[in-house]
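One-letter residues, chain by chain:
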Amino acid sequence: QVQLVESGGGLVQAGGSLRLSCAASGLTFSSYAMGWFRQAPGKEREFVAAISWSGGSTYYANSVKGRFTISRDNAKNTVYLQMNSLKPEDTAVYYCAGDSARIPIYSEYFRRSWNYNYWGQGTQVTVSS
């Protein structure tokens, strides 16, 4: 049984930082590209970042580029999202997701939530102004 479990969310002031973690089990983690998505109340789920199975390639939404960093540790079956310079508009539930497609991480494929095989339950991030 595949499980993705996010942690690290919370309440932070604008300009602050948080690091999200997503621990995976039940799958060969190093064979999966991983992504982070977010969903604010009343809005559609949107792409945040993705990382290739090896960790060698990353891809970001323009809205977070330069502020967020995605990384992974295949030995720990964990993917991370370091979020710096947080803004109130970053407030959302953040989800990690995994997909086994072996195509370049910067392709549109990984921006589309419906392409991912597995999802976590989400963790709330709230940024106060």
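Position labels on residues start from 1 in each chain and follow its written sequence. At least 70 in pLDDT is required for a residue's local features to be given in this predicted model, at least 80 for side-chain atom pairs to be given and counted, and no such filter applies to totals for whole chains, interfaces and linings, which use all residues. Processing note: side-chain calculations cover all non-hydrogen atoms of the structure and skip hydrogens and water entirely.

(A) Representation of the state of the cysteines. Cysteine sulfur atoms that come within 2.5 Å of each other are treated as a disulfide pair. Throughout the structure, instances matching the rule amount to one disulfide. Between the sulfur atoms of C22 and its disulfide partner C96 the distance amounts to 1.9 Å. Given an S-S torsion of about 45 degrees, the disulfide between C22 and C96 has right-handed geometry. With C22 in strand β3 (residues 18-25) and C96 in strand β9 (residues 92-99), this pair connects stretches of sequence that are 74 residues apart. Partly exposed describes any residue whose relative accessible area lies between the buried limit of under 20% and the exposed limit of over 50%, with all areas from a 1.4 Å probe on protein chains only and scaled to the type maximum. A residue is classified by how much of its surface remains accessible, and C22, at 0% relative accessible area, is buried. Taking the relative accessible area as the measure of exposure, C96 reaches 0% and is therefore buried. Strands here are runs of E lasting at least two residues and helices are runs of H or I lasting at least four, both read from the DSSP assignment and numbered beginning at the N terminus.

(B) A look at the pattern of salt bridges. By convention in these notes, a salt bridge is any Lys or Arg side-chain nitrogen within 4 Å of a carboxyl oxygen on Asp or Glu. Enumeration according to the criterion identifies four salt bridges in this entry. We note a salt bridge from R67 to D90, for which the minimum N-O separation is 2.7 Å. Residue R67 is found in the loop between β6 (58-60) and β7 (68-73), and its partner D90 is found in the loop between β8 (78-83) and β9; the two are separated by 23 residues along the sequence. The burial state of R67 is the same as that of D90; both residues are buried. Three or more residues are tied together by salt bridges with common partners; here these are R38, E46, R67 and D90.

(C) Region of the structure containing the packing of aromatic side chains. Any two of the Phe, Tyr and Trp rings considered here, Trp counted by its six-membered ring, make a pair once their centres fall within 6.5 Å; the pair's planes then place it as stacked at under 30 degrees, edge-to-face at over 60, or tilted in between. By the definition in use, this model includes nine aromatic pairs. An angle of 45 degrees between the planes, with centres 5.4 Å apart, marks the rings of F47 and Y59 as tilted. Taken together, the positions of F47 in strand β5 (residues 46-51) and Y59 in strand β6 put the pair 12 residues apart, joining distant regions of the chain. For the pair formed by F47 and Y59, the shared burial category is buried. A cation over an aromatic ring shows up here: R45 above the ring of Y95, its NZ or CZ 3.8 Å from the ring centre. In this analysis the charged atom, NZ for Lys or CZ for Arg, is taken to sit over a ring once it is within 6 Å of the ring centre and within 35 degrees of the ring normal.

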